[in-house]
Amino acid sequence: MPSYLCTRKSRNDEKKCVRRIAAVKLEEFVTEAAIDLLGRLTVSGRLASATPTNALTEAVDADQRQLAELNQMWTAKEISTAEYRVMRKGIIDRIAKAQKRMVVRPVKLLDGLTGPRARATWEADEMTDERRNAVLRFLFSGVVIDASGKPSGVFDWDRIDIEQNQL
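Structure report, in brief. (Residues numbered from 1 in each chain as written. Predicted model: local features only at pLDDT ≥ 70, side-chain atom pairs only at ≥ 80, totals over all residues. Heavy atoms only, no water.)

1. Here we look at the nonpolar core
Let me state the cut-off plainly: In plain words, nonpolar cores are sets of buried Ala, Val, Leu, Ile, Met, Phe, Trp, Tyr and Cys residues tied together by side-chain atoms within 4.5 Å. Under the scheme applied here, a residue whose accessible area is under 20% of the maximum for its type counts as buried, over 50% as exposed, and between as partly exposed, the area being computed with a 1.4 Å probe on protein chains only. Counting from the N terminus, the helices are the DSSP runs of H or I reaching at least four residues and the strands are the DSSP runs of E reaching at least two. We call two residues in contact when some of their heavy atoms are within 4.5 Å.
Core analysis: the biggest nonpolar cluster contains 23 residues, and L38, W122, V135, L139, F140 and I160 have the highest contact counts within it. For this core, the elements supplying multiple residues, two or more each, are strand 2 (20-22), helix 1 (23-40), helix 4 (118-123), helix 5 (129-139), strand 3 (140-145) and strand 4 (160-164). In terms of residues, this core owes the most to one element, helix 1, which gives six residues. F140 has contacts with V30, A33, A34, L37, I162, E163, Q164 and N165, leaving out every residue within four places of it along the chain. Within the second largest apolar cluster, eight residues are counted, among which are L67, L70, I79 and I95.

2. A short note on unusual backbone geometry
The general pattern is negative phi for most residues beyond glycine and trans for most peptide bonds. One non-glycine residue, K77, lies in the positive phi region at around 60 degrees. Relative to the assigned elements, K77 resides in the loop between helix 2 (55-75) and helix 3 (81-102).

Distances and angles like these do not, on their own, reveal function.
Shown next, in the form of structure tokens:
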């Protein structure tokens, strides 16, 4: 039976890992998760039930205001140049990190795959394996397999954690 093995099987230290999971069942599970997610997405690539939050935008705006205040403090000689540079770097780094998460990923790949017809489109003959793989990579950043809590021979669904990309 084909299976996925942990890449640390050959190690001889505390990080050695001998986990294994049945490939067919795992692939079916990930495919079902993808189809479920696609069924809940709108054409824009957003979850139909989700309301967009402004938390990141508000955080960036607050950091930009803080940067302006910091500049005023430095101009008024309330803080030294060294202090200004250290504080400014921290704020700039936070802004850059937040802006990376705000980037809208292109959803052309999802054309025709979202909404109630997601399963039919996914299973259609015109849907190539290459496109299926690309969609899975677009939707998910990884699949983490934890240690099994079930006896040998019993498939443990609870140990599968699918990490979703931010859409």
